[in-house]
Amino acid sequence: MIKAQIGEKTFEIDQEQDEYKFNGQPFKFDFAKSGNGDLHFLVNNKSYQTKVISINKEEKTVDVKVNNTPYTVSIKDNLDLLLAKLGMESVGQVGASDVKAPMPGLILEVLVSEGQEVKKGDHLLILEAMKMENVIKSPADGVINGLHATKGESVEKGKILLSL
């Protein structure tokens with residue numbers, strides 16, 4: 001399933017074998033590519049000319065023109081929806097200021113100190129949950145502004161562990 005958001009409206013697109021559903025309703029479509037990369041869609045006997053203006057992979061947004069009207073579409077795939085369900089939707093987001101515990105567990109090791117500069121992907125701490133060690137990584141470049149967890153501390157899901 002894919003969830004697409006345009007402004008305040010949210011749409012669900014799902015595929016089950018050879019059938020596509022739009023907001024739970026079956027729909028049929030066909031498309032053709034033109035030489036300049038534009039697409040022509042035929043959805044339920046209605047024609048749509050589309051042109052992709054830009055794609056932002058980090059923010060998962062696409063700027064498109066549909067019949068010459070511009071839209072910004074925010075897209076969430078199955079992984080994004082699962083991360084949101086698990087309370088981990090901030091994982092990998094640029095500019096996140098607080099790093100939260102993705103699940104309850106025990107802090108085994110704090111690998112950074114206050115004032116330390118970190119890069120996106122750097123290891124920040126190790127959280128043991130369900131007998132597995134999970135490395136919590138930095139979601140963005142920044143400086144550690146505050147440590148809110150200590151080695152040996154039990155934390156609940158959503159507790160702020162540190163601030164960037």
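Given the structure is predicted, the values throughout are model-derived calculations rather than measurements. One numbering rule holds for all chains: residues counted from 1, following each sequence as written. Local features in a predicted model are, by the rule used here, given only for residues with pLDDT of at least 70; side-chain atom pairs are given and counted only at 80 or more, and totals for whole chains, interfaces and linings are based on all residues. Side-chain numbers here rest on the full set of heavy atoms in the structure, without hydrogens or water.

Colleague: Would you explain the overall build of the protein in this entry?
Modeller: Secondary structure is summarised from DSSP: a helix means a run of H or I of at least four residues, a strand means a run of E of at least two, and numbering begins at the N terminus for each. If you tally the helices and strands in the protein, you get one helix and 18 strands. Note that the radius of gyration is over C-alpha atoms, with the globule rule given as 2.2 Å times the number of residues to the power 0.38. Relative to its length of 164 residues, the protein is extended, with a C-alpha radius of gyration of 21 Å against a globular reference of 15 Å. Across its three principal directions, the C-alpha atoms of the protein cover 60 × 30 × 25 Å. Burial classes: relative accessible area under 20% of the type maximum marks a residue as buried, over 50% as exposed, and values in between as partly exposed (1.4 Å probe, protein chains only). Expressed as a percentage of its 164 residues, the buried residues of the protein come to 23%. Any pair of residues with heavy atoms lying within 4.5 Å of one another is described as a contacting pair. Considering only intrachain contacts with a sequence separation of at least 6, the fraction spanning at least 24 residues in the protein is 41%. Accessible surface is estimated by sampling points in the Shrake-Rupley manner with a 1.4 Å probe; for residues, cover comes only from the protein chains shown. With an accessible surface of roughly 11,200 Å², the protein has 53% of that area assigned to carbon and sulfur atoms.

Colleague: For this particular structure, what's the right way to read a nonpolar patch on the surface?
Modeller: Patches in this entry comprise residues that are over 30% relatively accessible and not in a salt bridge; like charges within 9 Å are linked, as are nonpolar side chains (Val, Leu, Ile, Met, Phe, Trp, Tyr) within 5 Å. By definition here, a salt bridge exists when the distance from a side-chain nitrogen of Lys or Arg to a carboxyl oxygen of Asp or Glu is within 4 Å. Where nonpolar side chains cluster on the molecular surface, the patch consists of Ile2, Ile13, Phe22 and Ile75 and spans about 280 Å² of accessible area. Its location among the elements puts isoleucine 2 in strand β1 (residues 2-6).

Colleague: I'm lost on the environment of glycine 146 in this one. Help?
Modeller: Here glycine 146 is to be found in strand β16 (residues 146-147). With relative accessibility at 7%, the residue glycine 146 sits in the buried group. Remark: the alpha-carbon pair of glycine 146 and leucine 86, spanning 60 residues in sequence, is separated by 25 Å.

Colleague: What should I look at first to understand the sheet that holds strand β2 (residues 9-16) in this one?
Modeller: Adjacent strands of a sheet form backbone hydrogen bonds with each other and so pair up, either parallel or antiparallel. Pairing within the open sheet is antiparallel, and its nine strands lie in the order β4-β3-β2-β1-β9-β8-β7-β6-β5. The open sheet has two free edges, formed respectively by β4 (25-27) and β5 (29-33), since each of these has just one partner strand. Across the sheet, the mean angle from the axis of one strand to that of its neighbour is 30°, orientation sign disregarded. Two strands are counted as paired when DSSP detects at least two bridges linking them. Where β2 lies against strand β3 (residues 19-22), four bridges are found, and the strand directions are antiparallel. Bridge assignment links isoleucine 13 to a residue of β3, and that residue is phenylalanine 22. Note on method: axes are straight lines fitted to C-alpha atoms, helices fitted across the in-contact stretch only, with angles between N-to-C directions ranging 0 to 180 degrees.

Colleague: What exactly am I supposed to notice about the layout of surface pockets here?
Modeller: Empty space left among the atoms is revealed by rolling a probe the size of a water molecule over them. A pocket here means an open set of points on a 1 Å grid, computed over the protein atoms alone, that has protein on both sides within 12 Å along at least five of seven lines. A cavity is instead a set of points where a 1.4 Å probe fits but cannot get out; residues with an atom within 4 Å of a point line either one. Grid points are joined across faces, edges and corners, and a volume is the space filled by probe spheres set on the points. Its volume calculated, the largest pocket comes out at about 1,300 Å³. Where the lining of the largest pocket is concerned, the elements lending two or more residues are β1, β2, β3, β5, β6 (39-43), β7 (46-56), β8 (61-66) and β9 (69-76). Sorting elements by how many residues they give to the lining of the largest pocket places β7 first, with five residues.

Colleague: Would you explain the sheet that holds strand β18 (residues 160-163) in this entry?
Modeller: Spatially, three strands are ordered β10-β18-β16 in an open sheet, and the strand pairing comes out antiparallel. Unpaired on one side and paired on the other, β10 (98-100) and β16 mark the two borders of the sheet. With three bridges connecting them, β10 and β18 associate as antiparallel partners. The partner of lysine 100 across the bridge, within β18, is isoleucine 160.

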